[in-house]
Amino acid sequence: MPNTYFKLHIQLVFAVKYRAGLIHREWKEDLHKYITGIFQQNNHKMLQINSMPDHIHIFLGMRPHQSISALVQNVKTESSKWVKAKKLCKGSFNWQEGYGAFSYSKSHVPNVIRYIQNQEIHHRKETFLDEYRKMLQLFEVDYDEQYLFKELA
């Protein structure tokens, strides 16, 4: 076959290191724009992005030229550098190791977009850790609770 055809919808979820609430309402939109730019520079299509103080959800149309792990590493590294360069946090800003990557069919796209848009409402009722556990269970991802998140030492 002479051409490559694809349609990949991926939701990425990752937390601020130690799940610290460092993403502030005053600058989160600028962070979202910066991260969107990283995806666009890598020829992926941002479908929806939203964050809470301790984590972020990113939904994208992903092109197959780059691995998910390479893309996430690039986004985490560059966005952390950006937050530090802008001096948006009093202390250090880093993303926690690891991430969740979940694929969706085209029929699920509107619901995932709406879910990410409504994170503030959703998290009035459920913690991030509970939300993340449910996602792992829904997608039948095996995980060990003791390694789910590293806590402060």
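Presented here is a report on the structure given in the accompanying data block. Note that the structure is a prediction, hence the values are computed from the model and not measured.

Reading guide: rules and limits
Residue positions are given per chain, counting from 1 as you read along its sequence in written order. A pLDDT threshold of at least 70 governs which residues receive local features in this predicted model, and a stricter bar of 80 or more applies before side-chain atom pairs are shown or counted, although totals over entire chains, interfaces and linings include all residues. Heavy atoms throughout the structure, all of them, feed into the side-chain values; hydrogens and water do not. For the purposes of this section, nonpolar cores are sets of buried Ala, Val, Leu, Ile, Met, Phe, Trp, Tyr and Cys residues that join through side-chain atoms within 4.5 Å. The buried label applies to any residue whose accessible area, calculated with a 1.4 Å probe on protein chains only, is under 20% of its type's maximum; exposed applies above 50%, and partly exposed to all values in between. A run of DSSP states H or I qualifies as a helix once it reaches four residues; a run of E qualifies as a strand once it reaches two. Both are numbered from the N-terminal end. Criterion used throughout: strands pair if DSSP finds at least two bridges between them. Every axis in this analysis is a line fitted to C-alpha atoms, fitted for helices over the stretch in contact. Angles between the N-to-C directions lie between 0 and 180 degrees. Any two residues whose heavy atoms approach within 4.5 Å are treated as being in contact. Take a side-chain nitrogen of Lys or Arg and a carboxyl oxygen of Asp or Glu: if they are within 4 Å of each other, that pair is a salt bridge.

So, the nonpolar core
- Of all hydrophobic cores here, the largest spans 24 residues; its most connected members are Ile-35, Phe-39 and Ile-58.
- Every element with two or more residues in this core is listed here: β1 (8–15), α1 (28–41), β2 (45–52), β3 (55–62) and α2 (68–85).
- Of the residues forming this core, the biggest block, 5 residues, is contributed by α2.

What about the sheet that holds strand β4 (residues 100–104)?
- Read from one edge of the open sheet, 4 strands run β2-β3-β1-β4, paired in antiparallel fashion. The open sheet has two edge strands, β2 and β4, and neither has a second partner. In this sheet, adjacent strand axes meet at a mean angle of 15° when their direction is disregarded.
- Looking at chain direction, β1 and β4 are connected through 5 bridges and run antiparallel. Within β4, the residue paired with His-9 across the bridge is Tyr-104.
- On top of the sheet, α2 reaches β1, β3 and β4; it is set at about 45° to β1, its chief contact.

A few points about the pattern of salt bridges
- In the structure shown here, the tally under the stated rule is 5 salt bridges.
- A salt bridge links Lys-81 to Glu-78; the shortest N-O distance between them is 3.5 Å. One end of the pair, Lys-81, and the other, Glu-78, are both in helix α2, 3 residues apart, so they sit about a helical turn from each other.
- With a relative accessible area of 24%, Glu-78 lands in the partly exposed category.
- Here Glu-126 and Lys-134 are joined by a salt bridge, their closest N and O atoms 2.7 Å apart.
- The exposure class assigned to Glu-126 is buried, which follows from its relative accessible area of 11%.
- Three or more residues are tied together by salt bridges with common partners; here these are Asp-130, Arg-133 and Glu-145.

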